[in-house]
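# What the coordinates show
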Amino acid sequence: MTVNENELSPRPPEYAPRRKSAAANVGGVIVGGGAPVVVQAMTDTDTADDLATAIQCADLFRAGAEIVRVTVNTPRAAAAVSKVRARLDDMGIGAPLVGDFHYNGHKLLAQYPECARALAKYRINPGNIGKGEKRDPQFRAIVGAALENEKPVRIGVNWGSADRDLLSQMMDANARKKNPEDSQTVLRAALVQSALLSARAAEEWGLAPERIIVSCKTSRVPDLLAVYRKLARECSYPLHLGLTEAGMGLGGAASSSAAMAILLAEGIGDTVRASLTPAPGASRADEVRLCCSLLQSLGLRAFSPQVTACPGCGRTSGDFFRRLAEKIESHIARRLPEWKSEHPGVENLNIAVMGCVVNGPGESRRADIGISLPGGGENPSAPVYVDGKKTAALKGENIPEEFIAILEKYIRNRYPSAGEKQNAKAEKRN
Ligand code: SF4
């Protein structure tokens, strides 16, 4: 399992217990079975361009994704998958790649065995796996490839490509009822039914339940809640959670977070992905950062030190406060990879950056380390609190640099590297 044990935090008692599920091993990352909720992402490069795809995968992994999915839609894309894998291995990134298959997955997995081997999981969509009589043999061929290569499969139903045959049957059956349900209810039930019928077929063909992960994504929050609650009641497969086609910017982030937070607090969801549309030129990795922030805000995972910063208001002096908060955030982002390898546990650190005397000292005392800037009209000094005690009062233009130096020292002392621990022991002995 690649999840760092230091990132684990106890599940807050305010939430429902985690739903019990099987544990699927996706290339060494455990999904379900009570393992920490895993962050996933998906590339938007043409997979046939193995260099561009490997670079984007690396960006997503470095941002915090633990599993990355790539489209495998053409023979050229399938042929490129093992090259993407090799490029990532050369970069020292061994994290798992997942292939996203629609329509022709049965053919591509058979014709490109290196692709089938290089992928850690196959994602299929029951709505796009074949129609009528072709459906079962094509699905069975994918299950066969998974069995041969010992891979798990995600059965990923999507609102936009629901199994039309099943939906028509269920709509017709509903219409014949004395008191028919509304069509939305039938559609939600059809999504769940589609996923579970496919999962059970895969089991009949030999795929172990712990090799099956299920998702049923919708693009609206209330639908997603209803569908996942039903799924959670009706099966014990690990669940991949996400609002599909969530949209752009703050709206997409808000919708994704709202949907996933409610379900995660109910104990539902073993792996998450935020399907955000990046603005032109914006980083694809924002979807990863959103998932990490969401899990960290909920207290389910810790990826990076948490910065508590007030929003600022009419008491804040100029934009100095905003610049300090921004400097600290960017310092953390830049130093985090080194901190994490040198100072294990640093991701649990709490830092407060506050704008005035109203809430500044209180929040700073509660954090591991905090600074409270002087608001307008206050004594122009910024008290620094370490483990609840005031240890310094900074003044002048160099407050950010001085505070960062205090922060670095605190991290070295509180989360010493293996070498620093040995030195401390040796000093004690002497
Ligand atoms: S801590 Fe002070 S500056 Fe920050 S929002 Fe509150 S009152 Fe405004």
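Residues numbered from 1 in each chain as written. Predicted model: local features only at pLDDT ≥ 70, side-chain atom pairs only at ≥ 80, totals over all residues.

### With respect to the overall build of the protein
The criterion, for reference: Numbering of helices and strands starts at the N terminus; helices are DSSP runs of H or I of at least 4 residues and strands are runs of E of at least 2. Residue burial is a threshold on neighbouring C-beta atoms within 10 Å of the residue's own C-beta, all placed from the backbone, with 20 or more meaning buried, 12 or fewer meaning exposed, and counts in between meaning partly exposed. The contact rule is simple: place each C-beta atom from the backbone, and if two of them lie within 7 Å, those residues are in contact.
A tally of regular secondary structure across the protein gives 14 helices and 17 strands. Classification of the 430 residues of the protein by burial places 43% in the buried group. Long-range pairs, those at least 24 residues apart, make up 67% of the contacts in the protein with a sequence separation of at least 6.

### Brief notes about the site of the ligand
To keep it simple, the criterion reads: Being near a molecule or strand means, for a residue, that its backbone-placed C-beta atom lies within 6 Å of it. In this count, Pro and Cys sit with the nonpolar residues alongside Ala, Val, Leu, Ile, Met, Phe, Trp and Tyr, while Asp, Glu, Lys and Arg are called charged and the others, Gly among them, polar.
Of all residues adjacent to the ligand, which total 13 residues, the nearest are Cys 310, Cys 313, Gly 355, Cys 356 and Val 358. Looking at the shell around the ligand residue by residue, the classes come out as six nonpolar, six polar and one charged.

### Regarding the sheet that holds strand β9 (residues 240-241)
Worth spelling out the cut-off: Strand pairing follows a simple DSSP-based rule, namely that at least 2 bridges must link the two strands. To define axes, lines are fitted to C-alpha atoms, for helices over the stretch in contact only, and angles between the resulting N-to-C directions are given on a 0 to 180 degree scale.
Strand order in the open sheet formed by eight strands is β8-β7-β6-β5-β4-β3-β11-β9, with parallel pairing between adjacent strands. Looking at strand neighbours, the two that pair on one side only are β8 (212-217) and β9, the edges of this open sheet. Where strand β6 (residues 121-124) lies against strand β7 (residues 153-158), three bridges are found, and the strand directions are parallel. Bridge pairing in β7 places Tyr 122 opposite Val 153. Where helix α1 (residues 50-63) meets the sheet, its contacts fall on β3 (38-42), β4 (67-71) and β5 (97-101), and the angle it forms with β4 comes to roughly 155°.

### Looking at the domain arrangement of the protein
Put simply, an interface is often sized by how much accessible area is lost when its parts join up. What counts, and what does not: These domain limits were set by an automatic method or by a database of domain assignments.
By the assigned domains, the protein splits into domain 1 (5-297) and domain 2 (306-429). Centre-to-centre, using C-alpha coordinates, domain 1 lies 39 Å away from domain 2.

### Regarding helix α5 (residues 135-149)
For clarity, the cut-off: Under the convention used throughout, the expected extent of a helix is 1.5 Å for every residue step, that is, one less than its residue count. The directions considered for the arc run from the helix axis to the C-beta atoms.
Given a rise of 1.5 Å per residue, 15 residues ought to cover 21 Å, and the 21 Å separating the end C-alpha atoms of α5 matches this to within 8%. Along α5, the positions that sit buried rather than exposed are Phe 139, Ile 142, Val 143, Ala 145 and Ala 146. Projection of α5 onto a plane perpendicular to its axis shows the buried side chains occupying an angular sector of 150°, all on one side. In the stretch just after α5, Glu 150 is the one whose phi turns positive, near 55°.

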